[in-house]
Amino acid sequence: MENTLTYKEVRDRCKDIAMELTPDMPTTNSVDAWESFNTQLDHLRDDSYSQVLEAVESTDWAIYTHYGWKILHAVPQDLINDAESQYLDYNAGLAIEETCGGCFDIWSLQSAIAFHVLVAMVEDSLSTILDELQDMAQTQLDNMEGK
């Protein structure tokens, strides 16, 4: 099996997934519009983990197990180690036969760990994007109040 994914491709796809989760920019330049946008960003930040899980679960990379191998070979080892720990914490107390829907094999394991890698990368990208958008929204509000 040839690995055709690079770390840059994985990182860029995770950024794209994170961007898709963000609300649309305000269409009017008013205090109400920017305050509403800021509130939407706060709500997304509060619910980001479940939003990220849902977004990653719906990607072809999470659906098809052969992507697990490709993702794990494209990302740095520290991301894999963190994802493996997350996977083990998530499945603590379960017998091997009970993980991955009862059909555990090496493909399922690597796919599950790759899933946690993607979740962490999308979460990180989303956090960065939310910080930038909230800074921009606050700057817009500050500028409008100064007028």
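Before going into details, it helps to say that this report is about the structure given with it. (Residues numbered from 1 in each chain as written. Predicted model: local features only at pLDDT ≥ 70, side-chain atom pairs only at ≥ 80, totals over all residues. Heavy atoms only, no water.)

Focus: the packing of helix α5 (residues 66–74) against helix α7 (residues 106–145)
- Contact pair α5 / α7: the axes reach a minimum separation of 8 Å and the direction vectors enclose 55°. When the axis of α5 is compared with that of α7, the two are oblique. Classified by chirality, the crossing of α7 by α5 is left-handed. Within the contact between the two elements, α5 uses G68, W69, I71 and L72 and α7 uses W107, Q110, S111, I113, A114, V117 and L118.
- Across the contact of α5 with α7, the residue classes break down as 8 nonpolar, 3 polar and no charged. (Axes fitted to C-alpha atoms, helices over the stretch in contact; angles between N-to-C directions. Helix = DSSP H or I, 4+ residues; strand = E, 2+ residues; numbered from the N terminus. Parallel < 35°, antiparallel > 145°, perpendicular 65-115°, else oblique. Left-handed = near helix turned anticlockwise from the far one by under 90°. Contact = heavy atoms within 4.5 Å. Nonpolar A, V, L, I, M, F, W, Y, C, P; charged D, E, K, R; others polar.)

A word on a negative patch on the surface
- On the surface, a cluster of negative charge is contributed by D32, E35, D142 and E145.
- Mapped by element, the contributors of at least two residues to the negative patch are α2 (31–46) and α7.
- Relative to the elements of secondary structure, D142 occurs in helix α7. (Patch = residues over 30% accessible without salt bridge, like charges linked within 9 Å, V, L, I, M, F, W, Y side chains within 5 Å. Areas by Shrake-Rupley, 256 points an atom, 1.4 Å probe, with all protein chains shown as cover. Salt bridge = Lys/Arg side-chain N within 4 Å of Asp/Glu carboxyl O. Lys, Arg positive; Asp, Glu negative; His and termini not counted. Charge placed at Lys NZ, Arg CZ, Asp CG, Glu CD.)

Digging into helix α1 (residues 7–21)
- For α1, with 15 residues, the first-to-last C-alpha span of 21 Å sits near the 21 Å given by 1.5 Å per residue.
- What α1 keeps buried is the set V10, C14, I17, A18 and L21. Considered in projection along α1, the buried side chains sweep an arc of 100° and stay on one side of the axis.
- Looking at the buried side of α1, the elements it contacts are α2, α3 (48–57), α4 (60–63), α5 and α7. (Expected span 1.5 Å × (residues − 1). Buried < 20%, exposed > 50% of the residue type's maximum accessible area, 1.4 Å probe, protein only. Arc of directions from axis to C-beta.)

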